[in-house]
Amino acid sequence: MKKILSSLSVLVFLMLYAFTGTRVYTISGTIRSAADGLPVPGVSVKVKNTNISTTSAIDGKYTIKVPEKKSVLVFACIGFKKREVALSGGKKMDVTLEVNNDQLNEVVIVGHGTQKKSLITGSGSSPIMIRGASSGMMIRGIAREEDYNTESYAAINGNRFMGAKENPLSTFGIDVDGASYSNIRRFINEGKLPPVDAVRIEEMINYFDYAYPQPTGDDPFSVNTEISTAPWNSNHRLLRIGLQGKKTDTKELPPSNLVFLIDVSGSMFSYNKLPLVKASLKMLVDQLRKTDKVAIVTYAGHAGEVLPSTQGDKKLTIKNAIDQLAAGGSTAGGEGIKAAYAIAEKNFIKGGTNRVILATDGDFNVGVSSDGEMQRLIEEKKKGGVFLSVLGYGMGNYKDSKMETLADKGNGNYAYIDNISEARRVLVKEFGGTLFTIAKDVKLQIEFNPSKVQAYRLIGYENRLLNKEDFNNDQKDAGDLGAGHRVTALYEIIPAGVKSKFTDSVDKLKYQKNEAPNLSSNGDELLTIKLRYKKPDEDRSRLIEKPVVDHKTPWSATSDDFRFASAVAGYGMLLRKSEFSQQATFANLAEIAQSALGKDPEGYRAEFLRIVKSSALVAKDLLSATEN
């Protein structure tokens, strides 16, 4: 909408200049609150006595074209006093706005977590800012001292070492999500360590790119391995298994039928929720082609269709609909999901990508809201070929556990968007993988050779574990792989004959023979990787097998990717306060990451190094506070 208004403004001014000789000037600046100096997004900036206007961006900045330097600009925003400023001849005008307490007393905010009506109180409390609304509107009120934090995370019980003789098989479904890492980054950037259950190590590892080769055979991905010393215990080995999905040019992707399902409830009111959602989805719109189509459904107190299914080349129409969204009301998430699936099914593209993209903080509280009900609904819909991806936003009332469940059961991806750069990574850089599935229900089953392996431990993937019988069961759901996506899994291995505190002995069995396994035919193989997957349009899985031999590669000869992934895994174990972190420290993991930055065009690895160092400082401060 802003682009449309801007274009119309330019046309008007050109006509003014051509027919009346009136000069056109560009004025820009930043709008801040007089109370705390913070930028104010969503401020209406209008040339007085004209229809010329614009709106300040998330960072409080604005640009407007005026017909003459004698014009007067009017600045207006809910929660602030209106201000008129006469132009003085310059091209830059920064403005401060005063809080309108009378207006705030009349505002009722319906929401959850940090956005409660009880936050708007009388005197004697400390000031608080609530950002949000249709274009980033900001409301400042008065808050009590209590910390309203209702974020929720599913409990994780870290994987333990398993004896290779008693438990030779390890089975799990893949995970390509990176939501946990970007959420952890948010906590660290706020100067806090994340909750232990917010740390899913496999998602941290899989956030980063690794230079796996492209597949060369009939399978849609390559299978790669690397083994060396575990950096936190020189007596243990570390195995890295990597899958690389086949990359596909965006132009060659099948057409997409998308439904944007956008949470516009009161809990999405703040600046890092709905305004960021809108900016994110407009990035995705820029990637769409004429063969693609998009519909928009919103939900608050009830669900409704904002935009019927529209061709992807009608970008201004789609962006205009996104720009009109505003936050307020309760959260009828279940009703919204049902409506979105109905529209996706109505516009279904056979042989194409059919997907609902849910953008929310996960705070459902009206209608179908329990995890079980949501799960059954989404599992039923995916059978018809409509998948679900989830984009999470915000803090304070963030419902990670619910959103992870929805994405997992909907054959989709789950990403946490903490800033506009992360939106670009998910929706632009990884556009194909986010939307187009090349393999579904991908399962791995590792069989360990007990003559070489005393015990093993899968690092992460706790909520992706499968029973050994599930591997051959094609009815059992597992993770999906998108075009160009990669998957990495790490196993810590205790070699046969190595003494370890993690391999406690048990009494001999009374009713079974306590014989050593027959090892004569196992040779030098450390283990065998078995992998099953289905093509997106098939219901029967295909099998891949790959034996692995440990060539005793020294740590110094490993790849940058191997060392970097191990640093990420070790960092995750420290955040989880895991007993298996052993000799790992923030300092030595930072050294490993520093040595393994390699080619880092986007700067993600350098950012990880900074986060590890920041975590060390935060942890030190917490320890000092505890000791005092």
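Look a little higher up for the structure.
Small disclaimer: the values here were computed from a predicted structure and weren't measured.

1. Regarding the pattern of salt bridges
Turning to step 1, where the next piece is worked out: Counted according to the given criterion, the structure contains 37 salt bridges.
Turning to step 2, where the next piece is worked out: Between Lys381 and Glu345 there is a salt bridge, with the nearest N and O atoms lying 3.5 Å from each other. Of the two residues, Lys381 is situated in helix α8 (residues 371-382) and Glu345 in helix α7 (residues 333-346); the sequence distance between them amounts to 36 residues.
Turning to step 3, where the next piece is worked out: Here Lys381 falls in the partly exposed class, since its relative accessible area comes to 24%.
Turning to step 4, where the next piece is worked out: Glu345 gets classed as partly exposed once you look at its relative accessible area, which sits at 37%.

2. Brief notes about the nonpolar core
Turning to step 1, where the next piece is worked out: One finds Met204, Ile205, Phe208, Trp232, Phe564, Tyr571 and Phe608 to be the most contacted residues of the largest nonpolar core, which totals 43 residues.
Turning to step 2, where the next piece is worked out: In contact with Met204, other than residues within four places in its own chain, are Ser180, Tyr181, Ile184, Val199, Val568, Tyr571, Gly572 and Leu575.
Turning to step 3, where the next piece is worked out: Judged by nonpolar contacts, the second largest core, of 34 residues, contains Val285, Leu307, Ile417 and Ala423.

3. Brief notes about the layout of surface pockets
Turning to step 1, where the next piece is worked out: Approximately 950 Å³ is the volume found for the largest pocket.
Turning to step 2, where the next piece is worked out: If you trace the largest pocket, you find 36 residues lining it, with Phe387, Lys440, Lys535, Pro536 and Asp537 closest to the centre.
Turning to step 3, where the next piece is worked out: When contributions to the lining of the largest pocket are tallied by element, the ones reaching two or more residues are β17 (353-360), α8 and β20 (437-448).
Turning to step 4, where the next piece is worked out: Partitioned by chemical class, the residues of the lining of the largest pocket number nine nonpolar, 10 polar and 17 charged.

4. A word on the packing of helix α12 (residues 560-575) against helix α13 (residues 586-595)
Turning to step 1, where the next piece is worked out: In contact at an axis separation of 8 Å, α12 and α13 are set at 155° when each is read in the N-to-C sense. By the angle between their axes, α12 is roughly antiparallel relative to α13. Crossing handedness for the pair α12 and α13: left-handed. Residues Asp560, Arg563, Phe564, Ser566, Ala567, Gly570, Tyr571 and Leu574 of α12 pack against Phe586, Leu589, Ile592, Ala593 and Ser595 of α13.
Turning to step 2, where the next piece is worked out: Of the residues contributing to the contact of α12 with α13, the split by class is eight nonpolar, three polar and two charged.

5. Comments concerning α12
Turning to step 1, where the next piece is worked out: Along its 16 residues, α12 runs 23 Å from first to last C-alpha, staying within 8% of the 22 Å computed at 1.5 Å per residue.
Turning to step 2, where the next piece is worked out: Of all 16 residues in α12, 15 are buried, a share of seventy percent or more.
Turning to step 3, where the next piece is worked out: Where α12 ends, the next residue or the one after it, Lys577, has phi of about 55°, a positive value.

6. Quick notes on the sheet that holds strand β10 (residues 162-163)
Turning to step 1, where the next piece is worked out: A sheet is described by the order of its strands in space; here five strands give the open sequence β10-β21-β23-β13-β12, paired in antiparallel fashion. Lying at the two open borders of the sheet, with one neighbouring strand each, are β10 and β12 (221-230).
Turning to step 2, where the next piece is worked out: Strand direction decides the pairing type here: strand β21 (residues 453-459) and strand β23 (residues 486-495), joined by six bridges, are antiparallel. Bridged to Leu458 within β23 is Tyr491.
Turning to step 3, where the next piece is worked out: Set on the sheet, α12 makes contact with β12, β13 (233-245), β21 and β23; between it and β13 the angle comes to about 110°.

7. Notes on unusual backbone geometry
Turning to step 1, where the next piece is worked out: Even without being a glycine, Asn49 presents a positive backbone phi close to 65°.
Turning to step 2, where the next piece is worked out: You can see Asn49 is positioned in the loop between β2 (44-47) and β3 (53-55).
Turning to step 3, where the next piece is worked out: Asn49 gets classed as exposed once you look at its relative accessible area, which sits at 76%.
Turning to step 4, where the next piece is worked out: At Gln582, a residue that is not glycine, the phi angle is positive and equals roughly 50°.
Turning to step 5, where the next piece is worked out: Within the fold, Gln582 resides in the loop between α12 and α13.

8. Some words on the side chain of Asn354
Turning to step 1, where the next piece is worked out: On the secondary structure map, Asn354 appears in strand β17.
Turning to step 2, where the next piece is worked out: Among the polar contacts listed, one links the side chain of Asn354 to the side chain of Asn257, at a separation of 3.0 Å.
Turning to step 3, where the next piece is worked out: Polar side-chain contacts of Asn354 include one of 2.8 Å to the backbone nitrogen of Ile349.
Turning to step 4, where the next piece is worked out: Excluding residues that lie within four positions of it along the chain, Asn354 makes contacts with Asn257, Asn347, Phe348, Ile349, Gly385, Val386 and Phe387.

9. Observations regarding the pairing of β13
Residues in a regular strand project their side chains so that they alternate between the two faces of the sheet.
Turning to step 1, where the next piece is worked out: Burial analysis of β13 places 11 of its 13 residues in the buried class, which makes it a mostly covered element.
Turning to step 2, where the next piece is worked out: Alignment of β12 against β13, held across 10 bridges, turns out to be antiparallel. Looking at the pairing, Thr229 lines up with Arg237 of β13.
Turning to step 3, where the next piece is worked out: Where β12 folds back on β13, the antiparallel hairpin that results is connected by two residues.
Turning to step 4, where the next piece is worked out: Sheet topology places β13 next to β23; eight bridges connect them, and they run antiparallel. Within β23, the residue paired with Leu239 across the bridge is Tyr491.

10. Concerning helix α3 (residues 179-189)
Turning to step 1, where the next piece is worked out: Here α3 lies mainly inside the structure; 10 of its 11 residues are buried.
Turning to step 2, where the next piece is worked out: Those residues of α3 that sit buried are Ala179, Ser180, Tyr181, Ser182, Asn183, Ile184, Arg185, Arg186, Phe187 and Ile188.
Turning to step 3, where the next piece is worked out: Looking one or two places after α3, you find Gly191, whose phi comes out positive at around 80°.

11. A short note on empty space enclosed by the protein
Turning to step 1, where the next piece is worked out: Scanning the entire structure with this criterion turns up four cavities of 30 Å³ or more.
Turning to step 2, where the next piece is worked out: Roughly 160 Å³ of internal volume is contained in the largest cavity.
Turning to step 3, where the next piece is worked out: For the largest cavity, the lining is made up of 14 residues, of which Val176, Gly178, Arg425, Glu430 and His485 are closest to its centre.
Turning to step 4, where the next piece is worked out: Contributing elements (two or more residues each) for the lining of the largest cavity: β19 (414-416) and α10 (420-429).
Turning to step 5, where the next piece is worked out: Considering only residue class, the lining of the largest cavity consists of five nonpolar, five polar and four charged.
Turning to step 6, where the next piece is worked out: Roughly 40 Å³ of volume is contained in the second largest cavity.
Turning to step 7, where the next piece is worked out: As for the second largest cavity, its lining consists of Ile357, Ser389, Leu391, Asn413, Ala415, Val426, Leu427 and Thr434.

How each quantity is defined
- Residues numbered from 1 in each chain as written.
- Predicted model: local features only at pLDDT ≥ 70, side-chain atom pairs only at ≥ 80, totals over all residues.
- Heavy atoms only, no water.
- Salt bridge = Lys/Arg side-chain N within 4 Å of Asp/Glu carboxyl O.
- Helix = DSSP H or I, 4+ residues; strand = E, 2+ residues; numbered from the N terminus.
- Buried < 20%, exposed > 50% of the residue type's maximum accessible area, 1.4 Å probe, protein only.
- Core = buried A, V, L, I, M, F, W, Y, C linked by side-chain atoms within 4.5 Å.
- Contact = heavy atoms within 4.5 Å.
- 1 Å grid on protein atoms, 1.4 Å probe; cavity = no way out; pocket = protein on both sides within 12 Å on 5 of 7 lines; lining within 4 Å.
- Points joined across faces, edges and corners; volume = space filled by probe spheres on them.
- Nonpolar A, V, L, I, M, F, W, Y, C, P; charged D, E, K, R; others polar.
- Axes fitted to C-alpha atoms, helices over the stretch in contact; angles between N-to-C directions.
- Parallel < 35°, antiparallel > 145°, perpendicular 65-115°, else oblique.
- Left-handed = near helix turned anticlockwise from the far one by under 90°.
- Expected span 1.5 Å × (residues − 1).
- Pairing = 2+ DSSP bridges.
- Polar contact = N/O pair within 3.5 Å; in protein donor to acceptor, adjacent residues only side chain to side chain.

Read these as spatial facts, not as claims about activity.
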